[in-house]
Structure formats: C-alpha cells, structure tokens
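What follows is each chain in one-letter form.
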Amino acid sequence: MTPDAESLPALRGAGFTLYRQRRAQKIVDGWDVAARREEQRRNGGPPELWAEDVTRGYRIDVAEESDPDAWRSLHGRTGSYALRTDTPGERLPLPVIAPISPGRGLPQSGQRQP
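These numbers come from a predicted model, not from an experiment.

### Topic: a nonpolar patch on the surface
(1) Moving on: A grouping of Tyr81, Leu83, Leu92 and Leu94 is seen on the molecular surface, where their side chains present a nonpolar patch of about 380 Å² in accessible area.
(2) Moving on: Residue placement: Tyr81 occurs in the loop between strand S3 (76–77) and strand S4 (82–84).

Here's what the structure looks like:
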C-alpha cells in the first residue's frame with residue numbers, strides 16, 4: 001500500500017477509548033459458535049443460548065455522585081438539520097414536520113491495521 005493510493009482512517013475521538021486484546025480471534029470464535037448453534041437448530045434440537053450469544057453491543061450509562069439514582073446515557077444526543085448554501089458558513093434550517101426527539105447513539109468499534 002502506498003500513501004497516495006490508500007491510507008489508514010484518521011483516529012477521531014473525544015473522551016475515552018477502550019481497547020480489546022485479541023478481538024479478531026474472539027470474532028472468529030463467535031462465528032464458530034454461531035455455526036454450531038445453527039447446526040443444532042437445523043438438526044431439530046434447541047440450541048443452548050447464553051447472554052454473550054445474543055449481545056451485539058453495549059450501552060454505557062453513568063450517574064453523578066450528587067444524584068446516584070439518576071442514570072444518564074453517554075449516548076444520548078440531540079440535533080438539528082440544516083442545508084448548506086453556496087455562501088461559506090451559511091446554513092438554512094431544514095423544516096421538520098414533527099420535533100426531533102432525542103436519539104441514542106451507540107459505541108462502535110474501529111479497526112486499524114497497518
């Protein structure tokens with residue numbers, strides 16, 4: 001790979017980053033387990049499922065020391081939509097029929113390989 005042909009994605013982030021060792025092996029192992037579960041299902045037997053077999057992501061909530069009973073999601077977000085114009089820096093608000101309710105984001109893994 002040459003720098004002008006293709007390059008690694010830029011690291012972006014605000015806040016903290018989590019790393020997981022041997023992630024590729026865990027993914028391949030998960031595929032093997034899923035194949036065995038599918039084989040059990042095809043043979044008429046109910047597969048034995050555990051939480052890690054059906055969990056596909058995590059949601060991270062936090063509580064402040066001052067109010068430990070009020071949990072807040074780190075993934076909550078609000079936003080608005082605008083259209084760019086030909087004038088630099090100018091934005092036209094995009095009209096919406098109904099108010100945009102707060103949404104939820106999710107943590108996503110990013111892979112980098114040299």
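### Examining helix H1 (residues 23–42)
(1) Moving on: A rise of 1.5 Å per residue sets the reference length of H1, with its 20 residues, at 28 Å; its end C-alpha atoms lie 29 Å apart and thus fit the reference within 8%.
(2) Moving on: The first or second residue beyond H1 is Gly44, which carries a positive phi of 90 degrees.

### Quick notes on the confidence of the model for the chain
(1) Moving on: Put simply, the chain has an average pLDDT of 75, and 67% of its residues get 70 or more.
(2) Moving on: The spread of mean pLDDT over the elements of the chain runs between strand S6 (residues 103–104), the lowest at 66, and strand S2 (residues 67–73), the highest at 88.

### Things to note about the pattern of salt bridges
(1) Moving on: Using the criterion set out here, one finds two salt bridges in the structure.
(2) Moving on: Arg41 is paired through a salt bridge with Glu38; the nearest N and O atoms lie 2.5 Å apart. Here Arg41 and its partner Glu38 are both found in helix H1, three residues apart, which amounts to about one turn of the helix.
(3) Moving on: Given a relative accessible area of 49%, Arg41 falls into the partly exposed group.
(4) Moving on: Using a relative accessible area of 29% as the deciding quantity, one classes Glu38 as partly exposed.
(5) Moving on: Between Arg42 and Glu38 there is a salt bridge; the shortest N-O distance is 3.2 Å. Here Arg42 and its partner Glu38 are both found in helix H1, four residues apart, which amounts to about one turn of the helix.

Each value, and the rule that gives it
- Residue positions are given per chain, counted from 1 along the sequence in the order it is written.
- At least 70 in pLDDT is required for a residue's local features to be given in this predicted model, at least 80 for side-chain atom pairs to be given and counted, and no such filter applies to totals for whole chains, interfaces and linings, which use all residues.
- The side-chain figures draw on all heavy atoms in the structure; neither hydrogens nor water molecules are used.
- Patch membership is restricted to residues that have no salt bridge and whose relative accessible area is over 30%. Joining uses 9 Å for like charges and 5 Å for the nonpolar side chains Val, Leu, Ile, Met, Phe, Trp and Tyr.
- Shrake-Rupley sampling with a 1.4 Å probe provides the accessible areas, and residues are treated as covered by the protein chains on show and by no other component.
- Salt bridges are defined as contacts in which a side-chain nitrogen from Lys or Arg sits within 4 Å of a carboxyl oxygen from Asp or Glu.
- Numbering of helices and strands runs from the N terminus, with a helix taken as a DSSP run of H or I at least four residues long and a strand as a DSSP run of E at least two residues long.
- Here, expected helix span is obtained from the residue count minus one, scaled by 1.5 Å.
- As a per-residue quantity, pLDDT reports the predictor's confidence and falls between 0 and 100.
- Only protein chains enter the accessibility calculation, which uses a 1.4 Å probe; a residue whose area is less than 20% of its type maximum is buried, one above 50% is exposed, and one in between is partly exposed.

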